[in-house]
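Residue strings, one per chain:
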Amino acid sequence: MTLFSFGKRSVIAAFALFLIIGVVGWAWRSHNSIPYVTSPLQTVVTPLEEGVSWIADRISSISRIIDISMKNRIEWEQLEKENAGLREKTVDYDEITAENTRLRKLLGFREAHKNLQLVAGPVISRDYGTWTNTMIIGVGENEGIKENMAVITPDGVVGFISDVFPSSARVQLLTDPRTSIGAIVQRAESRVASVVRGNGNMPTEPQFVNIAKDADILEGDNLVTSGFGTIYPKGLYVGKIVSVHSDDSDFVKYAVIQPGVDFSKLEEVFVITGTTGNGGYDKPGVAPKLVPQTQRDKVEGVKGAAAL
């Protein structure tokens, strides 16, 4: 009986609801013909319509903002990718251009020095310390590299091979304080010969040492290898004199040298494996004496230096 009563009330309530909805709908459709319905209904509905309209506008505005932001974000990411691609291409192009410039310079040097048998090798690593200045190059025994071979670039002398491995070799640089190279002033009026040594106190400034106090050397003079030793052929550019100083003993003087090679930028080098024609290592006859003729000039057992 209780269930039947509940169902009957539900049916009556539903019928009343539909009736109300029907009357409201009919009144709204007929509000122009029923003035006394129009005004109250309009008063009730208008704020609701405005609220719904305002909410719809805000939702639409937010939706447009979100849509525009998403599109801008996508376009920005696309532009970022394009810019990254362009930067990568630019870097690749600059690297290729720099490499081509270096290789053309190396090729031009090889063509201009056909008397030298040259093996090109890349620089693998560097060890620039206070008392040692060496680097490893990517050629070794397999390419015919041997100890005490000269290492150069088109800009000048780099050093010599101090250790050899199957596929690599260690180069002792011109700036190493253990290195000495026989050199001569290129200027025809001078032709002063002595030794260029690495400077342990200032690795970037090797010195032209044991020069007679009255010897004709000037700032700006170029130094080339003298060819007196058994490593470096004659005439390879060593560097330029940038300053001249008196030795502590005041009997001789020395000059600070700016090497022709920028050791901080080395990427490829040449190893001189031999010479032909007039470029032999061993010069016949008596080697010219160093200037001055003093005990300080005797550089015996130093690789690359002349010995009296």
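Residues numbered from 1 in each chain as written. Predicted model: local features only at pLDDT ≥ 70, side-chain atom pairs only at ≥ 80, totals over all residues. Heavy atoms only, no water.

### A short note on the overall build of the protein chain
- When helices and strands are counted, the protein chain shows two helices and 12 strands.
- Shown N-terminal to C-terminal, the secondary structure of the protein chain runs as helices and strands in the order α-α-β-β-β-β-β-β-β-β-β-β-β-β.
- Nonlocal contacts in the protein chain, meaning residues at least 24 apart in sequence, comprise 58% of its contacts between residues at least 6 apart.
- Carbon together with sulfur atoms contributes 58% to the accessible area of the protein chain, which is approximately 18,800 Å² in total. (Helix = DSSP H or I, 4+ residues; strand = E, 2+ residues; numbered from the N terminus. Contact = heavy atoms within 4.5 Å. Areas by Shrake-Rupley, 256 points an atom, 1.4 Å probe, with all protein chains shown as cover.)

### Re the nonpolar core
- Residues M135, I137, V158, I161, F208 and L223 are the most contacted members of the largest nonpolar core, which totals 48 residues.
- Here the element with the most residues in this core is strand β4 (residues 156–164); it accounts for five residues.
- Apart from residues no more than four positions distant in its own chain, M135 is found in contact with V123, S125, R126, D127, V158, A169, R170, V171, L173, L266 and V269. (Core = buried A, V, L, I, M, F, W, Y, C linked by side-chain atoms within 4.5 Å. Buried < 20%, exposed > 50% of the residue type's maximum accessible area, 1.4 Å probe, protein only.)

### Quick word on the pattern of salt bridges
- Enumeration according to the criterion identifies six salt bridges in this entry.
- Between K265 and D262 there is a salt bridge; the shortest N-O distance is 3.9 Å.
- A relative accessible area of 63% means that K265 is categorised as exposed.
- Overall, D262 belongs to the partly exposed group, its relative accessible area being 39%.
- Salt bridges linked by common partners bring R187, D216 and D221 together as one network. (Salt bridge = Lys/Arg side-chain N within 4 Å of Asp/Glu carboxyl O.)

### Some thoughts on the sheet that holds strand β8 (residues 207–212)
- One closed barrel accounts for six strands, arranged β6-β7-β8-β11-β10-β9; its pairing is antiparallel. Here the strands of the sheet are splayed against their neighbours by 40 degrees on average, with no regard to which way each runs.
- Taken together, the three bridges between strand β9 (residues 222–225) and strand β10 (residues 237–246) define a ladder with antiparallel strand orientation. Residue pairing in the sheet places V224 in a bridge with Y237 of β10. (Pairing = 2+ DSSP bridges. Axes fitted to C-alpha atoms, helices over the stretch in contact; angles between N-to-C directions.)

### Re unusual backbone geometry
- Positive phi outside glycine occurs at N148, with the angle close to 70 degrees.
- Within the secondary structure, N148 sits in the loop between β2 (133–137) and β3 (150–153).
- Here N148 falls in the partly exposed class, since its relative accessible area comes to 32%.

### Considering a nonpolar patch on the surface
- A cluster of nonpolar side chains, contributed by W54, I55 and I59, occupies part of the molecular surface with about 340 Å² of accessible area.
- Its location among the elements puts I59 in helix α2 (residues 35–112).
- Its relative accessible area of 53% is what places I59 among the exposed residues. (Patch = residues over 30% accessible without salt bridge, like charges linked within 9 Å, V, L, I, M, F, W, Y side chains within 5 Å.)

### Details of the pairing of strand β11 (residues 252–259)
- Counted residue by residue, β11 has six buried out of eight residues, so it is predominantly covered.
- Here β8 runs beside β11; their pairing, made up of four bridges, is antiparallel. Its bridge partner being in β11, A212 is matched across the sheet by V252.
- Bridge count between β10 and β11: seven bridges; the pairing is antiparallel. When the sheet's bridge partners are listed, H245 is paired in β11 with Y254.
- Two successive antiparallel strands, β10 and β11, enclose a turn made up of five residues, where D250 displays a positive phi of approximately 70 degrees.

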